[in-house]
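Residue strings, one per chain:
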Amino acid sequence: MFEVRKKSPVSNARTGLLHTYHGIISTPVFMPVGTAGTVKGVLQRDLKQEIDARIILGNTYHLYLRPGTDVLSCSGGIHKFMNWDRPILTDSGGYQVFSLSENRKLSEEGAHFRSHIDGSAHTFTPESVVDIQRIIGADIIMAFDECTPYPCDYDYAKESMDLTHRWLDRAVKRFENTEDLYGFRQFLFPIVQGSVYDDLRKQSAEYIAAAGMPGNAIGGLSVGEPTEIIYAMIDIVNSILPEDKPRYLMGVGTPVNILEAIDLGIDMFDCVIPTRNGRNGMIYTSEGIINIKNKKWSKDFSPIDEKGPSHVSHYYSKAYLRHLIISGELLGAQIASIHNLAFYLWLLDEARRHIEEGDFNNWKNQMIVALANRI
RNA sequence: GGGGAGAUACCAAAGUGGCCAACUGGGGCAGACUGUAAAUCUGCUGUCGAAUGACUUCGUAGGUUCGAAUCCUGCUCUCCCCA
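Residues numbered from 1 in each chain as written. Chains lettered and ligands numbered in written order. Predicted model: local features only at pLDDT ≥ 70, side-chain atom pairs only at ≥ 80, totals over all residues. Heavy atoms only, no water.

A.B. asks: An account of the sheet that holds strand 9 (residues 121–124) is requested, with residue identities and associated values reported.
C.D. replies: Each strand in a sheet pairs with another by means of backbone hydrogen bonds, the pair being arranged parallel or else antiparallel. Taken in spatial order, the 3 strands make up an open sheet running 7-8-9, and their pairing is antiparallel. Each edge of the open sheet carries a strand with a single partner, namely strand 7 (104–106) and strand 9. On average, each strand axis in the sheet is inclined to that of its neighbour by 15 degrees, with strand direction left out of account. The sheet contact formed by strand 7 and strand 8 (residues 111–114) spans 3 bridges and is antiparallel. Each residue of the ladder has a partner; that of arginine 104, found in strand 8, is phenylalanine 113. (Pairing = 2+ DSSP bridges. Helix = DSSP H or I, 4+ residues; strand = E, 2+ residues; numbered from the N terminus. Axes fitted to C-alpha atoms, helices over the stretch in contact; angles between N-to-C directions.)

A.B. asks: Can you break down helix 15 (residues 360–372) residue by residue, with the values?
C.D. replies: Taking 1.5 Å as the rise per residue, helix 15 with 13 residues should run 18 Å; its terminal C-alpha atoms sit 18 Å apart, in good agreement. The complete set of buried residues in helix 15 reads Phe360, Asn361, Trp363, Lys364, Met367, Ile368 and Leu371. One face of helix 15 carries all of its buried residues, which in axial projection span an arc of 150 degrees. Residues of helix 15 that are exposed and point more than 90 degrees away from the buried face comprise Asn362, Gln366 and Val369. (Expected span 1.5 Å × (residues − 1). Buried < 20%, exposed > 50% of the residue type's maximum accessible area, 1.4 Å probe, protein only. Arc of directions from axis to C-beta.)

A.B. asks: Explain the packing of helix 7 (residues 154–176) against helix 8 (residues 198–210) to me, using residue names and the numbers behind them.
C.D. replies: Where helix 7 contacts helix 8, the two axes come as close as 11 Å, and the packing angle between them is 5 degrees. The angle between the axes of helix 7 and helix 8 places the two elements in the roughly parallel class. Residues Tyr154, Ala157, Lys158, Met161, His165, Leu168 and Asp169 of helix 7 touch helix 8, and the partners they reach there are Asp199, Leu200, Gln203, Ser204, Tyr207 and Ile208. When its residues are assigned to classes, the contact of helix 7 with helix 8 shows 7 nonpolar, 3 polar and 3 charged. (Parallel < 35°, antiparallel > 145°, perpendicular 65-115°, else oblique. Contact = heavy atoms within 4.5 Å. Nonpolar A, V, L, I, M, F, W, Y, C, P; charged D, E, K, R; others polar.)

A.B. asks: Explain the packing of aromatic side chains residue by residue, including any values.
C.D. replies: In the structure shown here, the tally under the stated rule is 15 aromatic pairs. With a centroid separation of 5.0 Å and an interplanar angle of 10 degrees, the aromatic rings of phenylalanine 144 and tryptophan 167 are classed as stacked. Remark: tryptophan 167 occurs in helix 7 and phenylalanine 144 occurs in the loop between strand 10 (140–142) and helix 7; sequence separation between them is 23 residues. When sorted by exposure, phenylalanine 144 lands in the same class as tryptophan 167, which is buried. Linked through ring pairs, Tyr61, Tyr64, Phe113, Phe124, Phe144 and Trp167 together constitute an aromatic cluster. (Phe/Tyr/Trp six-rings, centres within 6.5 Å; stacked < 30°, edge-to-face > 60°.)

A.B. asks: Any details on the environment of valine 172? Residues and values, ideally.
C.D. replies: Secondary-structure assignment places valine 172 in helix 7. Accessibility expressed as a relative area gives 11% for valine 172, which makes it buried. Sequence-wise, valine 172 and tyrosine 197 are 25 residues apart; in three dimensions their C-alpha atoms are separated by 26 Å. Apart from the residues within four sequence positions on either side, valine 172 is in contact with Leu188 and Met213.

A.B. asks: Which residues make up the pattern of salt bridges, and what values go with them?
C.D. replies: Throughout the structure, instances matching the rule amount to 19 salt bridges. We note a salt bridge from lysine 202 to glutamate 206, for which the minimum N-O separation is 3.5 Å. Of this pair, lysine 202 and glutamate 206 are both found in helix 8, 4 residues apart, which corresponds to roughly one turn of the helix. Lysine 202 sits in the partly exposed class, given a relative accessible area of 42%. (Salt bridge = Lys/Arg side-chain N within 4 Å of Asp/Glu carboxyl O.)

A.B. asks: Just give me the short version of the side chain of arginine 322, but keep the residues and values in it.
C.D. replies: Looking at the secondary structure, you find arginine 322 in helix 13 (residues 318–326). Lacking a salt bridge, the buried arginine 322 has aspartate 300 as its closest oppositely charged neighbour, with an N-O distance of 10 Å. A distance of 3.1 Å separates a polar atom in the side chain of arginine 322 from the backbone oxygen of lysine 293. A distance of 2.8 Å separates a polar side-chain atom of arginine 322 from the backbone oxygen of asparagine 294. Aside from chain neighbours lying at most four places away, what touches arginine 322 is Ile292, Lys293, Asn294, Lys295, Trp297 and Ser298. (Lys, Arg positive; Asp, Glu negative; His and termini not counted. Polar contact = N/O pair within 3.5 Å; in protein donor to acceptor, adjacent residues only side chain to side chain.)

A.B. asks: Lay out the pairing of strand 4 (residues 29–32) in plain terms, naming residues and giving numbers.
C.D. replies: Judged by which residues are buried, strand 4 turns out to be covered on both faces: Val29 and Met31 on one side and Phe30 and Pro32 on the other are all buried. Relative to strand 15 (residues 268–271), strand 4 runs parallel, the two being bridged by 4 bridges. Within strand 15, the position partnered with methionine 31 by the bridge is aspartate 270.

A.B. asks: Describe the protein's contact with RNA strand B, and please don't skip the residues or the numbers.
C.D. replies: With respect to spatial proximity, 42 residues lie near RNA strand B, and among them Cys147, Ile191, Met250, Val272 and Thr275 are the closest. Within 4 Å of the protein, atoms of RNA strand B come from sugar and phosphate in 47% of cases. The separation between a base nitrogen of RNA strand B and a polar side-chain atom of asparagine 103 is 3.0 Å. With respect to RNA strand B, the side chain of arginine 322 contributes an N or O atom lying 2.9 Å from a phosphate oxygen. Looking at the surface near RNA strand B, the element that brings in the most residues is helix 11 (residues 273–279), giving 5 residues. Residue composition of the surface near RNA strand B, grouped by class: 13 nonpolar, 19 polar and 10 charged. (Near = heavy atom within 4 Å.)

A.B. asks: Tell me about the sheet that holds strand 12 (residues 191–192), and name the residues and values.
C.D. replies: Spatial ordering of the open sheet is given by 4-15-14-13-12, a layout of 5 strands whose pairing is parallel. The open sheet has two edge strands with one neighbour each: strand 4 and strand 12.

A.B. asks: Account for the packing of helix 13 against helix 14 (residues 330–357), with residues named and values stated.
C.D. replies: The relative placement of two packed helices comes down to the angle between their axes together with the axis-to-axis distance. Packing of helix 13 against helix 14 brings their axes to within 7 Å, and their N-to-C directions diverge by 125 degrees. On the basis of their axis angle, the class for helix 13 and helix 14 is oblique. In terms of crossing hand, the pair formed by helix 13 and helix 14 is left-handed. Facing helix 13, whose interface residues are Tyr320, Leu321, Leu324 and Ile325, helix 14 presents Leu331, Gly332, Ala333, Ile335 and Ala336. (Left-handed = near helix turned anticlockwise from the far one by under 90°.)

Structure representation (structure tokens):
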């Protein structure tokens, strides 16, 4: 499924190719988040033409609640349903176990939760989450885990990690005893947990690596802990996860986070920042971060990002985008989302290019200065 | 011409003797957001100050009172009804 193409001589950064039925993905890759079968505010056409997203995310929890497995099954799977013929990865709902924690209870069997939509009671088990993801039909599916909060005491983190491991065994078994439903092979990725504890992360990485899945994910990071800890955990885990398989850092992050994580050997990323923060007025440019709602842009009629990677980046002015976002106009959210996603994809394109050319670290260090800049 | 209602901060609008520098909403300004319960949430919004605080405000000019956005009198303006 995965081949490493080029490794940085001075760090763990590498490029690779990820083969799926719906296409080959160059890594490192950023995957726009499309929780409910849509990258919020962005047409599939723009995802392809403007942003050139190679793979996007969906979410098991959200799709299961709405439209539900019946509709998804009848539609012929998520690709047909949303008319997206490139790869898709679905998250298992493990993050919702964390973010909707007030509405759920965990047991050995699984997670018992109430729908945030209508309050109805449901249970996710490692098995049912595989079944649902068979029906959704993404190319890459995730094992059901518990994403621990931060802070999280050691005993809880260990118990939770062990539970995630037991759930993984059950998920793998179910996965191996069931078939794909739409005529192409799906891949199951397990998830490393262990909170912020070195020894737990190490144990978890060993356990996950031993499962022998075609790719591995790191979860439970970027939930409020300092960034230094994120990097430290990635470093520990990546020293154990096999090099010949893709490593997916779930939910991360800022452009700077991503460059640092690439340096530590991560291949896949997803994050809501470009879309959500974009909707809320934060615009990423090669010059730095803009809060487009700030008054100082009200009469700045220069392009959103002169060197920006998408059509919208130079077609619309800062002043116009500010007006749209401040007015709550839908077009503002749309432009900001397209621009930010295109920026993220551009950043990853550049990262790949510089890894291939062998000067990733110099480039990265320059970029980090510019990217952290607030203008 | 007669009768009635009202004037509160950028806007709208509460408050009708001390707990009022003044509820609340909007607007404005700033911040947050990391496997999306988020087109969301938080803070500030009379002046000066980092802050304790000081100073100036509720159409306007006076008055009553220990104390007034609130009570009284004159004035100015606005709106409604009848002729």
